[in-house]
Amino acid sequence: DLAMVAFEKWQGVHNYPDPGYDWETCEPAEDPGDVSKCGCCVEDEMADLGRRLKAMRPEIHVLEYVNSQQVYPHYRLGHAVACRPDLWLHGTDGELCTANNGHWLIPDLAKQEAQDMWYSTIFNVTQTGYIDGVFVDGCDKDIPDCHTLSRQAGKMSMLKKLQADIPGVLICGSNGKVVDGLGGSQIQNWGKGGQWSKREIPMLQRAVAAGVLFEAHSSCGQNASEPEEQTKIAAFLIAAGRHSYYMCGGWGAGHVEWFDEYDLPLGEPLGNATLDSDGVYHRSFAKGTVVSFDTKSDTGNVQWAAAVTRGVEEFV
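Thresholds applied
- Residues numbered from 1 in each chain as written.
- Predicted model: local features only at pLDDT ≥ 70, side-chain atom pairs only at ≥ 80, totals over all residues.
- Heavy atoms only, no water.
- Buried < 20%, exposed > 50% of the residue type's maximum accessible area, 1.4 Å probe, protein only.
- Helix = DSSP H or I, 4+ residues; strand = E, 2+ residues; numbered from the N terminus.
- Pairing = 2+ DSSP bridges.
- Right-handed = clockwise from strand over helix to strand, strands pointing away.
- 1 Å grid on protein atoms, 1.4 Å probe; cavity = no way out; pocket = protein on both sides within 12 Å on 5 of 7 lines; lining within 4 Å.
- Points joined across faces, edges and corners; volume = space filled by probe spheres on them.
- Nonpolar A, V, L, I, M, F, W, Y, C, P; charged D, E, K, R; others polar.
- Disulfide = S-S within 2.5 Å.
- Core = buried A, V, L, I, M, F, W, Y, C linked by side-chain atoms within 4.5 Å.

## Concerning the pairing of strand S9 (residues 244–248)
Consideration 1: The element S9 is extensively covered by neighbouring structure, given that four of its five residues are classed as buried.
Consideration 2: Here strand S8 (residues 213–218) pairs with S9 via five bridges, running parallel. Bridge pairing links histidine 217 to methionine 247 in S9.
Consideration 3: After leaving S8, the chain enters helix H6 (residues 227–239) and then returns to the sheet as S9, a path that is right-handed.

## Quick word on empty space enclosed by the protein
Consideration 1: Using the criterion set out here, one finds one cavity of 30 Å³ or more in the structure.
Consideration 2: For the largest cavity, the calculated volume is near 30 Å³.
Consideration 3: Lining the largest cavity we find Val66, Asn67, Gln70, Val71, Tyr72, Tyr75, Leu77 and Gly78.
Consideration 4: Elements supplying a minimum of two residues to the lining of the largest cavity: strand S2 (61–67) and helix H2 (76–82).
Consideration 5: Taken together, the residues of the lining of the largest cavity break down into five nonpolar, three polar and no charged.

## Digging into the state of the cysteines
Consideration 1: The final tally for this structure, using the stated rule, is five disulfides.
Consideration 2: The disulfide partner of cysteine 26 is cysteine 38, and the gap between their sulfur atoms is 2.1 Å. In this structure the cystine formed by cysteine 26 and cysteine 38 twists about its S-S bond by roughly 105°; its chirality is therefore right-handed. Within this pair, whereas cysteine 26 is found in the loop between strand S1 (4–7) and helix H1 (42–56), its partner cysteine 38 is found in the loop between S1 and H1, the two being separated by twelve residues in sequence.
Consideration 3: When its relative accessible area of 0% is taken as the criterion, cysteine 38 is described as buried.
Consideration 4: The disulfide bridge from cysteine 220 ends at cysteine 248, spanning 2.0 Å between sulfur atoms. The sign of the 90° torsion about the S-S bond sets the cysteine 220-cysteine 248 disulfide as right-handed. Here cysteine 220, found in the loop between S8 and H6, pairs with cysteine 248, found in strand S9; they are 28 residues apart in sequence, far enough to count as distant.

## Some points on the nonpolar core
Consideration 1: If you look at the biggest cluster of nonpolar residues, it comprises 47 residues, and the most contacted ones within it are Trp118 and Leu159.
Consideration 2: Elements with a minimum of two residues in this core: H1, S2, H2, strand S4 (104–105), helix H3 (112–126), strand S5 (133–137), helix H4 (151–165) and strand S6 (170–174).
Consideration 3: For this core, the leading source of residues is H3, giving six residues.
Consideration 4: In terms of nonpolar packing, the next biggest core, distinct from the first, is built from 29 residues, Val212, Phe214, Tyr262 and Val291 among them.

These figures come from the coordinates and say nothing about function on their own.
This is the structure we're talking about:
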């Protein structure tokens with residue numbers, strides 16, 4: 001089992017920016033690169049909390065969150081990019097590319113110096129001994145309305161080098177893409193579109209076949225017996241392998257929904273899922289749970305085995 005924590009971009013942000021500003025407005029749209037009101041550096045907050053976590057449980061795998069589509073001005077990376085106008089992304093029309101209504105800069109990762117700067121700031125955090133890996137949002141996404149032809153290729157090359165050099169996993173978020181050379185993938189909207197058999201199940205099967213860690217994130221219903229929740233969980237269990245994880249929840253709440261069924265022991269899967277002639281997947285687990293998923297109706301069902309004891313166990 002792998003206990004893992006990812007620290008998000010607003011970790012410790014209550015300490016800065018300056019009074020009267022927030023992390024979105026401290027870098028004015030009319031003066032890009034002015035981060036004097038933003039404070040620095042959220043990476044230090046993450047490393048300090050990582051230190052405290054590892055003092056309690058050294059085995060916890062701690063990740064830094066970073067966005068590959070823009071840089072946030074309260075990051076050390078944001079300050080580094082702000083000082084280098086020659087590395088800011090411009091479109092083919094020569095206009096400066098920004099995010100969040102002009103408040104956040106975008107480094108041109110087609111340029112080697114921009115790649116080196118991005119790589120170094122992340123790599124250095126992992127060398128503290130308190131941050132193991134990194135969650136890279138927007139990892140496999142280009143910027144279609146403002147980009148240079150080789151920016152995405154440069155970014156992916158840099159990310160693969162980073163994965164090879166850091167002690168932990170680099171998770172490619174957040175569209176479920178499995179990229180050769182990267183150790184993890186995440187989907188932030190598990191179930192979007194309701195085509196589980198065409199979208200979710202195949203993407204998780206690809207991750208498992210590649211030996212890649214996979215995180216499936218979904219919104220939450222009221223309980224795990226609701227038909228929609230059954231379908232979400234069934235789609236996951238049909239394809240899940242070692243280091244596949246499922247969780248439902250929101251984006252800003254301190255409370256994380258935890259259904260009782262998550263505590264039911266599954267045991268090892270008794271083989272991969274099989275697809276019958278009616279288009280229904282079937283899979284069974286050692287503790288007695290049986291899962292089915294109808295690819296024609298895109299609905300799933302989980303028949304949970306009765307639990308003799310309740311203990312948090314790995315799904316698979």
